[in-house]
Amino acid sequence: MSTSSLKEHKHWPDIANPTTKYICQLFKDKGYEVRIVGGAVRDVLQNKAPKDIDMATNATPDQMVDMCKGAGVKHILTGIQHGTLTLMVDDTPYEVTTLRVDNETDGRHAQVEFTTDFQLDAARRDLTINAMSVDVEGALYDYFDGAKHLQNKQVLFVGDPVERIAEDYLRILRYFRFYGRIADSDDQWDENTIAAIDKNKAGLEKISRERIWLEMQKIVVGNHVSSILQKMKSLALYPLINLSEKHFSITDLDSQHKVAYLDDLRPVTLLGYAFHTKDHFSELRKQWKMSMDEEYIGQFVIKHRGEEEMKYFQDLLVDTPKHCRHKFHMGFRELCRSRGEAGEGLLKAVTEWVVPECPLRGDQVVKHLQLPKGPLINKYFTLGKSKWKASHFTLTREEILDGLLEEYSRSKR
């Protein structure tokens, strides 16, 4: 095991904050050991601010509950069967999980047994870069050379990749996700890992489609997306996760990925560019159980991605019922953000535009043209609204009605 200190790293204070120190002291006072684990350690080593701080301890779940009750700390039984308790301190959640080993696995779920050995707990984790831990004093515990692999931009499984993947087949996609986050080139594939994925790939069929979509979201907005998707395709993973080689365009997705503002872009926006028809996207949406908002955004991108004129989107917005315009703005914003700098002006112009009210009503058309009941009412109302839109929304009601009357009169001659 390699050991070093994280105290000199830029974002160490983000981990060793007063709240974290308080929690660690709470455990220490009761004779338990607790460390920060996983993503927070990896982030600090990459000079990134950690998003979440998760902890692991040799205290059992029952011991943690008793400790929290005694100290008056609010806590939530998040996943108590797996040993996870969420401590609410200063209105911030901190997940603390009892050290464990996975005794029995079926590729999706594990039968866990609690342990007091930090190394055994680290050995059950997926990747070496996720198996590190650090105590509140800054001592790094790195049993599988995760820090070295991180420095070398390598993504490797802990121990035997065949065994790790067989424990949870979703780790195949997690490998590709972290490759996009860690690797600094698109051809750093570890051949042993790729062989292990190929051997275990059938297990992906066992994984819930919601979990597939969660990982794919992170893959499509990560780095090296074209290389990753090509590698997945070459390994024949597509049919196992409901992707169609025929109807899924890596090239189109990658081209948009290169220009898009990725920081706050929803992954489904980029995914939409991989499809040429709404039907094929909609089928995947059902299989991956995407949300209704995600379906709307994907469909919006597919339908309108070739449009660039402000007037086109003004007409679209005018035709959108008021109670649905929040949806329009959601889809429109995503479309513009996917265009990067090229979409900024259009986004600002349409967002700030005050939508005019159409001056025409159906009953006015009926009265002015003396229309009988039937389909002619909708025909001439729609025609009148189209004339108003074509005038850049400048025609008055009288001008529209007079024009309609003239056309209606000609049609009866």
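Our subject is the structure that appears above.
Computed from a prediction, not measured in an experiment: that's the story for all the values here.

### A look at the environment of Thr351
Relative to the helices and strands, Thr351 is located in helix H18 (residues 344-352). Overall, Thr351 belongs to the partly exposed group, its relative accessible area being 45%. Taking C-alpha positions, Thr351 is 9.9 Å from Gln314, a pair spaced 37 residues apart along the chain. Within the structure, Thr351 has its side chain in polar contact with the backbone oxygen of Leu347 (distance 2.6 Å).

### Focus: the pattern of salt bridges
By the definition in use, this model includes 25 salt bridges. Of the charged contacts in the structure, one is a salt bridge between Arg211 and Asp168, with a shortest N-O distance of 3.0 Å. Taken as a pair, Arg211 in helix H10 (residues 209-220) and Asp168 in the loop between helix H7 (161-167) and helix H8 (171-182) lie far apart in primary sequence, 43 residues in all. Classification of Arg211 as partly exposed rests on a relative accessible area of 27%. Here Lys201 makes a salt bridge to Asp198, at a shortest N to O gap of 3.0 Å.

### Notes on the packing of helix H11 (residues 225-234) against helix H12 (residues 250-259)
For the pair H11 and H12, interaxial distance at closest approach is 9 Å and the crossing angle is 160 degrees. Taken as axis vectors, H11 and H12 run roughly antiparallel relative to one another. In this structure, the crossing between H11 and H12 has a hand that is right-handed. Here Val225, Ser226, Leu229, Gln230 and Lys233 of H11 lie close against H12, whose contacting residues are Ile250, Leu253, Asp254 and His257. In terms of residue class, the contact of H11 with H12 is made up of 4 nonpolar, 3 polar and 2 charged.

### Things to note about the packing of aromatic side chains
Scanning the entire structure with this criterion turns up 19 aromatic pairs. Considering the side-chain rings of Tyr175 and Tyr179, the 6.3 Å spacing of their centres and the 45 degrees angle between planes classify their relative orientation as tilted. One end of the pair, Tyr175, and the other, Tyr179, are both in helix H8, 4 residues apart, so they sit about a helical turn from each other. The pair Tyr175 / Tyr179 is uniform in exposure class, with both members buried. Aromatic side chains Phe328 and Phe332 sit 5.5 Å apart centroid to centroid with 10 degrees between the ring planes, which places their arrangement in the stacked category. With a gap of 4 residues between them, Phe328 and Phe332 both fall in helix H17 (residues 325-338), about one helical turn apart. Its relative accessible area of 1% is what places Phe328 among the buried residues. Owing to a relative accessible area of 0%, Phe332 belongs among the buried residues under this scheme. Members of the aromatic cluster, joined through ring pairs, are Tyr296, Phe300, Tyr312, Phe313, Phe328 and Phe332.

### Observations concerning the environment of Glu205
Looking at where Glu205 falls in the secondary structure, it is placed in the loop between helix H9 (191-200) and H10. Residue classification places Glu205 among the exposed positions, given a relative accessible area of 55%. As a C-alpha pair, Glu205 and Leu237 span 32 residues in sequence and 9.8 Å in three-dimensional space.

### Remarks on unusual backbone geometry
We note that His224 has phi near 55 degrees; this positive angle belongs to a residue other than glycine. Here His224 lies in the loop between H10 and H11. Phi angles above zero are rare outside glycine, and Phe393 is one such case at about 70 degrees. Checked against the element boundaries, Phe393 lands in the loop between helix H20 (375-390) and helix H21 (397-412). On the basis of relative accessibility, which here comes to 14%, the residue Phe393 falls in the buried class.

### Here we look at the pairing of strand S10 (residues 139-142)
For strand S9 (residues 133-134) and S10, the ladder comprises 2 bridges, and the chain directions are antiparallel. Bridge pairing in S10 links Val134 to Leu140.

### Describing H17
An ideal rise of 1.5 Å per residue puts 20 Å on 14 residues; H17 measures up with 20 Å between its terminal C-alpha atoms. Of all the positions in H17, only Arg325, Phe328, Met330, Gly331, Phe332, Glu334, Leu335, Cys336 and Ser338 are classed as buried. On its buried face, H17 is in contact with H12, helix H13 (267-272), helix H15 (292-304), helix H16 (310-319) and H18.

Conventions and cut-offs
- Residues numbered from 1 in each chain as written.
- Predicted model: local features only at pLDDT ≥ 70, side-chain atom pairs only at ≥ 80, totals over all residues.
- Heavy atoms only, no water.
- Helix = DSSP H or I, 4+ residues; strand = E, 2+ residues; numbered from the N terminus.
- Buried < 20%, exposed > 50% of the residue type's maximum accessible area, 1.4 Å probe, protein only.
- Polar contact = N/O pair within 3.5 Å; in protein donor to acceptor, adjacent residues only side chain to side chain.
- Salt bridge = Lys/Arg side-chain N within 4 Å of Asp/Glu carboxyl O.
- Axes fitted to C-alpha atoms, helices over the stretch in contact; angles between N-to-C directions.
- Parallel < 35°, antiparallel > 145°, perpendicular 65-115°, else oblique.
- Left-handed = near helix turned anticlockwise from the far one by under 90°.
- Contact = heavy atoms within 4.5 Å.
- Nonpolar A, V, L, I, M, F, W, Y, C, P; charged D, E, K, R; others polar.
- Phe/Tyr/Trp six-rings, centres within 6.5 Å; stacked < 30°, edge-to-face > 60°.
- Pairing = 2+ DSSP bridges.
- Expected span 1.5 Å × (residues − 1).

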